[in-house]
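# Remarks on the overall topology
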Amino acid sequence: MINAMTTKKKKPLVYGLVAIVAVVVGAWLFFKPSKISQHTPLADTAAQAHAELSGKIRFVPGAAQLAMLQTQTIPLSPVPISDQLSARIAYDDDVTARISVSFSGRIIELKAAPGDAVKAGQVLAVIDSPDFGAAFADLNKARSDEKRKQLAVKRAKDLVPGEAISTRDWEVVQAEYAQAQAETARAEQRIKNLNPYGLKINGQQVLLASPMDGVVTERTATPALEVSPSLNAPLFVVTNPKRLWLNVDLPESLLSKVKLGGEVAIQSDAYPDQSFMSKIIQLGQTINPNTRRATILARVDNPDGKLLPEMFVRASVLQANGQGVRVPNQALIIRGLYTYVFIETEPGEFTLRQVKPITRGVDFSYVGEGLTGSERIVTKGALMLEAEFLASLGDKQ
């Protein structure tokens, strides 16, 4: 009986000793020096990662992954001096006519609509103007009075040698003739002021014509519209749509990098895959105190008519020297300190190549080292291709 009780008292003591030994052994295994010395230096890890991301990946013809990829050959182009800037397309005022009137009247016929191509001298609208009716009536009256007084001068002149007319009457006749001439000149000048551009006039109907070749882009004229010089908007806008201006808001810190004749690349949401070029023709002369920016003016050649006035676009002022490949950011693979792109070497075969960006933008980056401008770069699906590439590396290991 006594021995059984003694055995029961010793069991808890044994269990406690076993637990203490287990804790000590575990702590020694966890903190032993050999465990700490097995960590790989950071530099070696980066080098191993860089070494792993090299090689090729190939897909069999018709693979589903190929349908998700898009490749493009992107040539070398000048590098911008900064990120893309806000800009606006505008009419080229050198080839734009905003047609208004200098008289009062009413439109009785419209002969041109927005989008119509017109020639210089082509009639845009017919306007009935009482101003011209009154002006021509005054002119005809003045000319008639002038002619009558001219005859009176001739008759009086014949009477002067025989003293059949007094000197005073002779002077009066000459003065009245001079007044008639002045009145005729005034009436003629009034018509010139009403018609400074030499529009054709039939009675009191004025033929409003285009002063230049171009396209009607805006028209506020409507049938029976009462017109006058006080109208806020022009009746017609005729312009050459193949020439436009670009207004760029340039930060004052970049003014020293911009020169007359420099090139500006334009990107539009309407044509995301196309770039348009323009040339700087005027530098900003003042700084906007609110935005601290100056407006520079560039001329845009628009042969296809894709760009339209008042479009908001993004502009990149290009450096005079240096070139790079403009790559979409979605095509770049960034692994630590290194940047890569996938190059299609053969149909279905892609090579991962290290590159060095020159500048980075919101949507695009310019790459210098690593690309020559002749490669077919994977511009869409690069992340999917990276996943397939890393998976293939894992299978090889």
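Heads up: the structure comes first, above all this text.
Here is a short report on the structure shown in this document. All values derive from a computational prediction rather than experimental measurement.

### Considering the overall build of the chain
- Within the chain, the regular secondary structure consists of 6 helices and 23 strands.
- The long-range fraction of contacts in the chain, counting pairs at least 24 apart against all pairs at least 6 apart in sequence, stands at 75%.
- Just so you have it, the chain exposes about 24,300 Å², and 55% of that area is on carbon and sulfur atoms.

### So, the side chain of Thr71
- Tracing the backbone through its elements, the reader meets Thr71 in strand S2 (residues 70–73).
- There is a polar contact of 3.2 Å between the side chain of Thr71 and the side chain of Glu344.
- A distance of 2.9 Å separates polar atoms of two side chains, one belonging to Thr71 and the other to Arg376.
- Not counting residues within four places of it along the chain, the set of residues in contact with Thr71 comprises Glu344, Phe350, Arg376, Ile377, Val378 and Thr379.

### Section: the nonpolar core
- Ranked by internal contacts, the top residues of the largest apolar core, which has 29 residues, are Leu208 and Phe236.
- Breaking this core down by element, the ones donating at least two residues are strand S5 (96–99), strand S8 (123–128), helix H4 (130–159), helix H5 (167–194), strand S10 (205–209) and strand S13 (236–239).
- Tallying contributions element by element places H4 first for this core, with 4 residues.
- Excluding residues that lie within four positions of it along the chain, Phe236 makes contacts with Ala97, Arg98, Ile99, Leu110, Ala112, Leu124, Ala125, Leu208, Val216, Glu218, Arg219 and Ala221.
- Residues Leu246, Val264, Val300 and Val317 belong to the second largest nonpolar core, which totals 22 residues.

### Observations concerning the layout of surface pockets
- In this structure, the largest pocket encloses a volume near 630 Å³.
- Along its surface, the largest pocket is lined by 30 residues, and Gln267, Pro272, Asp273, Arg326 and Phe364 are the ones closest to its centre.
- If you list the elements that add at least two residues to the lining of the largest pocket, you get S2, strand S3 (76–80), strand S15 (263–268), strand S16 (271–282), strand S18 (312–328), strand S22 (364–369) and strand S23 (376–380).
- For the lining of the largest pocket, the per-class residue count stands at 12 nonpolar, 12 polar and 6 charged.

### Considering the sheet that holds S5
- The sheet built from 4 strands is open, its strands ordered S5-S13-S11-S7 with antiparallel pairing. The sheet is open, and its two edges are formed by S5 and strand S7 (117–118), each paired on a single side.
- Bridging between strand S11 (residues 214–219) and S13 involves 4 bridges; their strand directions are antiparallel. For Val215, the partnering residue across the bridge sits in S13 and is Thr239.

### What to know about the sheet that holds S8
- Sheet architecture is open: 5 strands sit in the order S9-S10-S8-S6-S12, paired in antiparallel fashion. Edge positions in the sheet fall to strand S9 (200–202) and strand S12 (226–227), since each has one partner strand and no second.
- Bridge analysis of S9 against S10 gives 3 bridges, and the strand direction is antiparallel. Bridge pairing in S10 links Ile201 to Val206.

### Observations concerning empty space enclosed by the protein
- One pass over the structure, following the stated rule, counts 1 cavity of 30 Å³ or more.
- Of the volumes computed, that of the largest cavity is approximately 50 Å³.
- Together, Ser100, Val101, Ser102, Phe103, Leu194, Asn195, Pro196, Tyr197 and Leu199 line the largest cavity.
- In terms of residue class, the lining of the largest cavity is built from 6 nonpolar, 3 polar and no charged.

### A look at the environment of Ala178
- Along the chain, Ala178 falls in helix H5.
- Under the relative-accessibility criterion, Ala178 is labelled partly exposed at 39%.
- Taking the C-alpha atoms as reference, Ala178 lies 8.8 Å from Lys149; in sequence the two are 29 residues apart.

### Some points on the packing of aromatic side chains
- Overall, the coordinates contain 5 aromatic pairs when judged by the stated rule.
- Here the aromatic rings of Tyr271 and Phe276 are separated by 6.1 Å at their centres, their planes lie at 75 degrees, and the arrangement is edge-to-face.
- When its relative accessible area of 27% is taken as the criterion, Tyr271 is described as partly exposed.
- On the basis of relative accessible area, Phe276 is assigned to the buried category, the value being 9%.
- Three or more aromatic residues joined by ring pairs form one cluster here, namely Phe103, Phe132 and Phe136.

### Observations regarding the pattern of salt bridges
- The tally for this structure, following the rule as stated, stands at 20 salt bridges.
- Between Arg88 and Glu310 there is a salt bridge, with the nearest N and O atoms lying 3.2 Å from each other. Note that Arg88 is positioned in strand S4 (residues 85–91) and Glu310 in the loop between strand S17 (293–301) and S18, a separation of 222 residues in sequence.
- You can call Glu310 partly exposed: its relative accessible area is 48%.
- Through salt bridges that share partners, Lys56, Arg58, Glu346 and Glu349 make up one connected network.

### What about H5?
- Helix length check: H5 (28 residues) gives 41 Å between terminal C-alpha atoms against 40 Å at 1.5 Å per residue, within 8%.
- Those residues of H5 lying buried are Trp170, Val173, Tyr177, Ala180, Thr184, Ala187, Ile191 and Leu194.
- Next to the buried residues of H5 lie H4.

Scoring rules and cut-offs
Residues numbered from 1 in each chain as written. Predicted model: local features only at pLDDT ≥ 70, side-chain atom pairs only at ≥ 80, totals over all residues. Heavy atoms only, no water. Helix = DSSP H or I, 4+ residues; strand = E, 2+ residues; numbered from the N terminus. Contact = heavy atoms within 4.5 Å. Areas by Shrake-Rupley, 256 points an atom, 1.4 Å probe, with all protein chains shown as cover. Polar contact = N/O pair within 3.5 Å; in protein donor to acceptor, adjacent residues only side chain to side chain. Core = buried A, V, L, I, M, F, W, Y, C linked by side-chain atoms within 4.5 Å. Buried < 20%, exposed > 50% of the residue type's maximum accessible area, 1.4 Å probe, protein only. 1 Å grid on protein atoms, 1.4 Å probe; cavity = no way out; pocket = protein on both sides within 12 Å on 5 of 7 lines; lining within 4 Å. Points joined across faces, edges and corners; volume = space filled by probe spheres on them. Nonpolar A, V, L, I, M, F, W, Y, C, P; charged D, E, K, R; others polar. Pairing = 2+ DSSP bridges. Phe/Tyr/Trp six-rings, centres within 6.5 Å; stacked < 30°, edge-to-face > 60°. Salt bridge = Lys/Arg side-chain N within 4 Å of Asp/Glu carboxyl O. Expected span 1.5 Å × (residues − 1).

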